[in-house]
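Okay, here's what each chain looks like letter by letter:
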Amino acid sequence: MDYEAVIGLEVHVQLDTKSKMFTRVGTGFGQPPNTLTNPVVLGLPGALPVMNRDAIEKSIKVGLLLNCKIADICKWDRKNYFYPDMPKNYQISQFDQPICEGGEVEIEMPGNSPSEIGSHRIVQLTRIHLEEDVGKLTHYETDSLVDYNRAGCPLLEIVSEPDLFSPEEVFAYLTSLRNSLVSAEISDCDMEKGQLRCDANISIRPVGTSTLGTKVEIKNLNTISGVRNGVEYEIRRQTKALNEGETIIQETRRWNPDQKYTTPMRTKEMAHDYRYFPDPDLMPVKIDSEWVEFIRKELPEKPFDKQRRYMEEMNLPYSSTSALCGDRPLCEFFEEAAKLSKVPQKIANWVVNDLLRELGQAGKEGEERRGLQNCPVTPQHLAELINLIEDGVVSNNVAKELFPEMFISGKSAKTLVEEKGLEMKSDGDEIEDLCAQAISDDPDAAEKFRGGKEGAINALKGSVMKATRGQANPQVVDETLRRLLS
Amino acid sequence: MSEKSSMDIDYVANLARIELSPEEKNKFQGQLGEVLKYFEKLQEVDVEGVIPTAHAFPRFNVWDVDESVEGFTSIEALQNAPKSRNDQVVVPKVVEE
Amino acid sequence: MSDHSEIFSLTGSEISHGIDNGIFSSQEVTLAYLSRIREVDEKVHAFLSYDEDDMLRQAKLSDQRRASGKSLGPLDGVPVGLKDVISVKGQPLTAASKILKDYRSPYDATVTVKLRSAGAVVGGRLNLDEFAMGSSTENSAYGPTCNPWDLNRVPGGSSGGSAAAVAARETPFTLGSDTGGSIRQPASLCGVVGMKPTYGRVSRYGLAAFASSLDQIGPFAQTVEDAAHLLEIISGHDPLDSTSYPTDVSSFSKILNEPIKPCKLGLPKEFFGPGMDDEVRKSIDEVIQWYRQKGYELVEISLPTTELSVPVYYVIATAEASSNLARYDGIRYTTRSEKAENAIDVYAKSRGEGFGQEVKRRCILGAYGLSSGYYDAYYLRAQKTRTLIRDDFDKAFAQVDAILTPTSPTPAFKFGEKSEDPISMYLSDIYTISTNLAGLPGISVPCGFTENGLPVGMQLIGQAFEEGKLLSIAHDYDRELQFGRKQPNL
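Residues numbered from 1 in each chain as written. Chains lettered and ligands numbered in written order. Predicted model: local features only at pLDDT ≥ 70, side-chain atom pairs only at ≥ 80, totals over all residues. Heavy atoms only, no water.

Enquirer: Just checking my understanding: could you explain the overall build of chain B for this structure?
Expert: Helix and strand counts for chain B come out as 3 helices and 3 strands. Written out in order from the N terminus, the α and β elements of chain B read α-α-β-α-β-β. In terms of overall dimensions, chain B is more spread out than a globule: its C-alpha atoms have a radius of gyration of 22 Å, far above the 13 Å expected for 97 residues. Burial status across chain B gives 45% buried among its 97 residues. Sequence-distant contacts in chain B: of pairs separated by 6 or more residues, those separated by 24 or more amount to 40%. If you sum the accessible surface of chain B, you get close to 5200 Å²; carbon and sulfur atoms cover 49% of it. (Helix = DSSP H or I, 4+ residues; strand = E, 2+ residues; numbered from the N terminus. Rg over C-alpha atoms; globule rule 2.2 N^0.38 Å. Buried < 20%, exposed > 50% of the residue type's maximum accessible area, 1.4 Å probe, protein only. Contact = heavy atoms within 4.5 Å. Areas by Shrake-Rupley, 256 points an atom, 1.4 Å probe, with all protein chains shown as cover.)

If you want it as structure tokens, here you go:
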């Protein structure tokens, strides 16, 4: 029988805030163990939580980005369970009054080729709630170590409806969500740093039926490829089981990224009894429409809306927009440069190819891309360079060589061109001398061209360009050669 | 109602993560049964439409702005830990559940 | 150093004046109390620990401040003992539990910070029922405190050590915490003044929580006047406690002598029914007579939900406690069972070994009331009934300025009398519990003695955030009758 998968995702996103969700000690990755702690983080006797207003504001922002209904009032509940990474043995979360309900995530499936746009669809969300993160456990042979630096960081849980139907859709969903959240400066969403984590609820059902099958929850999907592989594996496992006449049991399984399979963690019978109740240490949150409207005004353009605008209003090719639109600072760079140029398509091309390449090289091996905030090439520099090409001052080839130098020196294109005397040579006499020289140096090629072999002229052009270190105006060279050879 | 007056002591003690001796289990079963019977008074109260009180004097939006202040050093953080290594708390092997 | 052997008999205000007028120094006062502790605490066992060097160091600094004319106010140099659930940086905090036997707090509670800013000598750690769960201080893992008036009887609880230490004149002031009567009931049983402020008046930051929605820190002293002084110092909004209320703290001690007249006191008929000891009734009748003679109007009122307050309280308090006490798990700072082989073992064994019987009972009861399938019938229903209890008080306070009741149905009882019968122990809080559920301020004032010489206390319950008015009504009585100044023979 043919089966289709039905998948719902629970995505945890760490909000990018200076201090933790319920206390004002700092947040951050890679700090010495247990130094981002205080009485509240460690759950010492007598410690009490105090909400982080900005974390709430960021959550509302996410709700608006994803078209959720923002709650008028939300409150805090304690989710009680014992685990060594959780200092109080309860997690402050939101049970029955989450900050956002409903919502949608627009996703794009891959097109037929990288230069072709794929199909778009809306995935429905169930809810979004805010909670505190737990510490980090590292397991060793005989024991485990706990670092509470991450404990208490604001964590947003974005829960989708069972509205995804393939590993590819799961991937598209995560990509879209990540682009939205990064571009709104909610979080860096770096999965390697645990800033974005994902659990998947997966069931399968015979194609054409509408009842949901038995749901299995997969945990530990901690990289983008892990999510794709884990979901793919689990669908295969369930399909095989059903085809062999087995039944699927409702359980939680863990994805083992090294061995690439899922193993059982606990069954429904072992499910936790979390004993949720309203946290008496915290007061509820009231969100009035004024606040919501204030936040709405600050919302950035959604990545897919931006992409449509680039394609429709600026005539950018799809491939450029797809490289740009997931990256808000890059888009800002592009738009600023594009304003100073008549050829936004060329600007986009340079941004997604040359600029990204140089930024990548600027970071050390293994490090992530260098940020745009310290980029030595400004949007004005790039626009100026493109304008020099457009005005015939430098050739495309020279510009390509110039760009890395601009990147290293921070000098403008004009300055470098002047310093190095790189203006294109269009002077007729000089070029005519060089062309004549080329023809006498290579009579063979000249003869072939005269004999009708159009391609033979390229060898002659090459030697002229070589003699001028690429600075000769290619159009002038072409015209001159043809005149001399006719 | 009488069903409510008994408690699955093993289940609840496990929820509370408290190991009880057989004697304690026995004793608590009886004592807590009495207490639950006493609590049955509550079931007779008409609370239809009553809003629950979570706070004596409720307010909204009691919060701080997002500014970070200095925290503990790892020495302070671990000064009371029963066992630590590499500036972290040591726990016996965690059995996944 | 001159002989000030009777310093310990003085009230807090008298000590304050004495230091202020140079009659004795803070160091002399502190030494006098330390020697009193050495003399009587073997019998009373009010203290779990005290750091002599630290106290004397603080006293010396106070004397230096005073010498350079930089006194921090009336409490500068005066010792204040703390119930062992209030955090003091560098000092132990056991909550009278084995599970915290080696813990030292790395931070100060907000009340501790406030005491320090007032120059007080932050004194010893006082005994209590483990994690403040109990009404007799018999539930301390470190042995019970004895009632200074009869060493065979309990001092009440859970702040038994705080009450007994003031009664035994081992310290002029103490702080306790009150979740269902844990300040007022032991104050009553030990013949001292004890006050639970309005919920939110005093910061809970640094107070090891029992039931977060009910806990309040409050003062013990010999007189209402002293209690007012100490309350004034520890009160006020604290940004570290989200339940702390942002309202001005009036100068309670200054308005003590401002007459509140005409003044109407309510006598809730449900409190005066069966279950009240005859001698307690007699003392309270005399209090009623006194107030009547002074021109107060006394009227009968009704608080129909009184009977429900005990089950509501125990459902809510145990539920919150089961969650609040989950952090004592043998992982980060509490004692770890040596028998534990895996993480699950660490929890169950450390808690099984580290908690006493009453704490285990309440954690289990609380977990049950929140567990799947029982939440609506227990916790949610209790919270709704709590609303009805608050409504009752609102109606009552539409008619009266304060409510007058006994603090406890009986005087101090004997050790072991109720310890194996949870319900009868729970009922000893019947007069005090509803105040916590409604968040209202309540004060217990000594109002006489039984034939056997056991103290009796009256309780006055006030309107929310009207501590000033409540204290002045209490002070009106206390400054004339001064039962709290009577000293037990030890």
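Enquirer: Which parts of the structure should I look at to understand the nonpolar core?
Expert: The nonpolar side chains of soluble globular proteins are, as a tendency, buried together. Residues Leu115(C), Phe131(C), Leu175(C), Tyr291(C), Ile364(C), Ile443(C) and Met458(C) are the most contacted members of the largest nonpolar core, which totals 177 residues. With 10 residues, helix α10 (residues 306-324) of chain C is the largest single contributor of residues to this core. With residues near it in sequence (within four places) discarded, Leu115(C) still touches Leu75(C), Val80(C), Leu82(C), Ala120(C), Val122(C), Leu175(C), Leu230(C), Ile233(C) and Ile234(C). Residues Phe22(A), Leu66(A), Trp76(A) and Met109(A) belong to the second largest nonpolar core, which totals 67 residues. (Core = buried A, V, L, I, M, F, W, Y, C linked by side-chain atoms within 4.5 Å.)

Enquirer: I would appreciate a short explanation of the environment of Thr263(A) in the present structure.
Expert: Residues and elements named next belong to chain A. With respect to the helices and strands, threonine 263 occurs in strand β16 (residues 261-267). Separated by 44 residues in sequence, threonine 263 and lysine 219 place their C-alpha atoms 9.9 Å apart. Excluding its chain neighbours within four sequence positions, the residues that come into contact with threonine 263 are Thr252, Arg253, Arg254 and Asn256.

Enquirer: What's the story with empty space enclosed by the protein in this structure? I'm lost.
Expert: Once rolled over the atoms, a probe with the size of a water molecule shows which space is left empty. Summed over all chains, the structure comprises 10 cavities of 30 Å³ or more. Size it by volume and the largest cavity reaches roughly 160 Å³. Lining the largest cavity we find 20 residues, and of these Val40(A), Val41(A), Lys88(A), Ile92(A) and Glu132(A) sit closest to its centre. Secondary-structure elements contributing two or more residues to the lining of the largest cavity are α1 (39-42) and β6 (90-93) of chain A. Per-element tally for the lining of the largest cavity: the top contributor is β6(A), with 3 residues. A per-class count over the lining of the largest cavity returns 11 nonpolar, 3 polar and 6 charged. Roughly 60 Å³ of internal volume is contained in the second largest cavity. Lining the second largest cavity are Asn80(A), Tyr81(A), Phe82(A), Asn89(A), Arg275(A), Leu15(B), Ala16(B), Ser322(C), Ala326(C), Arg351(C), Cys363(C) and Ala367(C). In terms of residue class, the lining of the second largest cavity is built from 7 nonpolar, 3 polar and 2 charged. (1 Å grid on protein atoms, 1.4 Å probe; cavity = no way out; pocket = protein on both sides within 12 Å on 5 of 7 lines; lining within 4 Å. Points joined across faces, edges and corners; volume = space filled by probe spheres on them. Nonpolar A, V, L, I, M, F, W, Y, C, P; charged D, E, K, R; others polar.)

Enquirer: What exactly am I supposed to notice about the packing of aromatic side chains here?
Expert: What describes a pair of aromatic rings is the distance from one ring centre to the other and the angle between the planes of the rings. Per the counting criterion, the structure on display carries 33 aromatic pairs over all chains. Within the aromatic cluster, the residues linked to one another by ring pairs are Tyr103(C), Phe131(C), Tyr328(C), Tyr333(C) and Phe355(C). Across from the ring centre of Trp350(A), 4.4 Å away, lies the NZ or CZ of Lys400(A), which sits over that ring. Over the ring of Phe413(C) we find Lys418(C), and its NZ or CZ is 4.3 Å from the ring centre. (Phe/Tyr/Trp six-rings, centres within 6.5 Å; stacked < 30°, edge-to-face > 60°. Lys NZ or Arg CZ within 6 Å of the ring centre and 35° of its normal.)

Enquirer: Is there a simple way to explain the state of the cysteines in this structure?
Expert: What makes a disulfide is a covalent bond joining the sulfur atoms belonging to two cysteines. Evaluation of the coordinates by the stated rule reveals 0 disulfides over all chains. Of all cysteine sulfurs in the structure, the one in Cys100(A) sits closest to Cys74(A), which takes part in no disulfide; the separation is 8.3 Å. No disulfide involves Cys447(C); its sulfur sits 14 Å from the nearest other cysteine sulfur, which is in Cys190(C). (Disulfide = S-S within 2.5 Å.)

Enquirer: Can you help me understand the environment of Ile234(C) in this one?
Expert: Residue and element names in this part refer to chain C. Mapped onto the elements of the fold, isoleucine 234 is located in helix α7 (residues 224-234). Along the chain, isoleucine 234 and alanine 118 lie 116 residues apart, while their C-alpha atoms are 9.3 Å from each other. With residues up to four places along the chain from it excluded, the contact list for isoleucine 234 reads Val111, Lys114, Leu115, Leu175, Val202, Ile217 and Gly218.

Enquirer: Sorry, what's going on with the sheet that holds strand β3 (residues 88-92) of chain B here?
Expert: Where strands meet in a sheet, backbone hydrogen bonds hold them as pairs that are either parallel or antiparallel. Within the open sheet, the 4 strands sit side by side as β10(A)-β11(A)-β3(B)-β2(B). Their pairing is antiparallel. Across the chains shown, the open sheet's two edge strands, defined by having one partner strand only, are β10 (136-139) of chain A together with β2 (84-85) of chain B. Sheet topology places strand β11 (residues 143-147) of chain A next to β3(B); 4 bridges connect them, and they run antiparallel. When the sheet's bridge partners are listed, Ser144(A) is paired in β3(B) with Val91(B). (Pairing = 2+ DSSP bridges.)

Enquirer: For this particular structure, what's the right way to read the pairing of strand β11 (residues 455-461) of chain C?
Expert: All names here are of chain C. β11 sits mainly inside the fold: 7 of its 7 residues count as buried. With 4 bridges joining them, strand β9 (residues 402-406) and β11 adopt antiparallel strand pairing. If you follow isoleucine 403 over to β11, its bridge partner there is isoleucine 461. Pairing of strand β10 (residues 442-449) with β11, which is carried by 6 bridges, proceeds in the antiparallel orientation. Residue phenylalanine 449 lies in a different strand from β11, and its bridge partner there is proline 455.

Enquirer: Where do I start with unusual backbone geometry in this structure?
Expert: Across residues other than glycine, the phi torsion is negative in most instances, and most of the peptide bonds are trans. Residue Ser158(C) is reached from Gly157(C) by a cis peptide bond, and omega for that bond is 10°. By the secondary structure assignment, Ser158(C) is in the loop between β3 (121-126) and α5 (160-167). One non-glycine residue, Asn67(A), adopts positive backbone phi at about 55°. With respect to the secondary-structure elements, Asn67(A) resides in the loop between α2 (53-65) and β3 (69-70). Look at Arg275(A): it is not a glycine, yet its phi comes out positive at around 45°. Inspection of the secondary structure assignment puts Arg275(A) in the loop between β16 and β17 (277-278).

Enquirer: Honestly, the domain arrangement of chain C in this entry has me stumped. Any pointers?
Expert: Interface size, as often reported, equals the accessible area lost upon joining of the parts. Residue and element names in this part refer to chain C. What the domain assignment reports for chain C is domain 1 (5-263 + 401-485) and domain 2 (307-375). A separation of 27 Å is found between the C-alpha centroids of domain 1 and domain 2. Of the residues lining the interface, 30 residues belong to domain 1; the matching set on domain 2 comes to 25 residues. Summing both partners gives a buried area of about 2400 Å² for domain 1 against domain 2, and 65% of it is carried by carbon and sulfur. Together, Ile99, Met133 and Tyr426 form the three largest contributors to the area buried by domain 1 at its contact with domain 2, with a combined 30%. Our count for the domain 1 to domain 2 interface comes out at 0 salt bridges. Summed over the shared surface of domain 1 and domain 2, the result is 11 residue pairs in polar contact (both at pLDDT 80 or more). Put simply, the parts of the chain that give the side of domain 1 that touches domain 2 at least two residues each are α14 (422-427) and α15 (430-438). When its residues are assigned to classes, the side of domain 1 that touches domain 2 shows 16 nonpolar, 9 polar and 5 charged. (Domains from an automatic or database assignment. Buried area = accessible area lost by both parts, 1.4 Å probe. Salt bridge = Lys/Arg side-chain N within 4 Å of Asp/Glu carboxyl O. Polar contact = N/O pair within 3.5 Å; in protein donor to acceptor, adjacent residues only side chain to side chain.)

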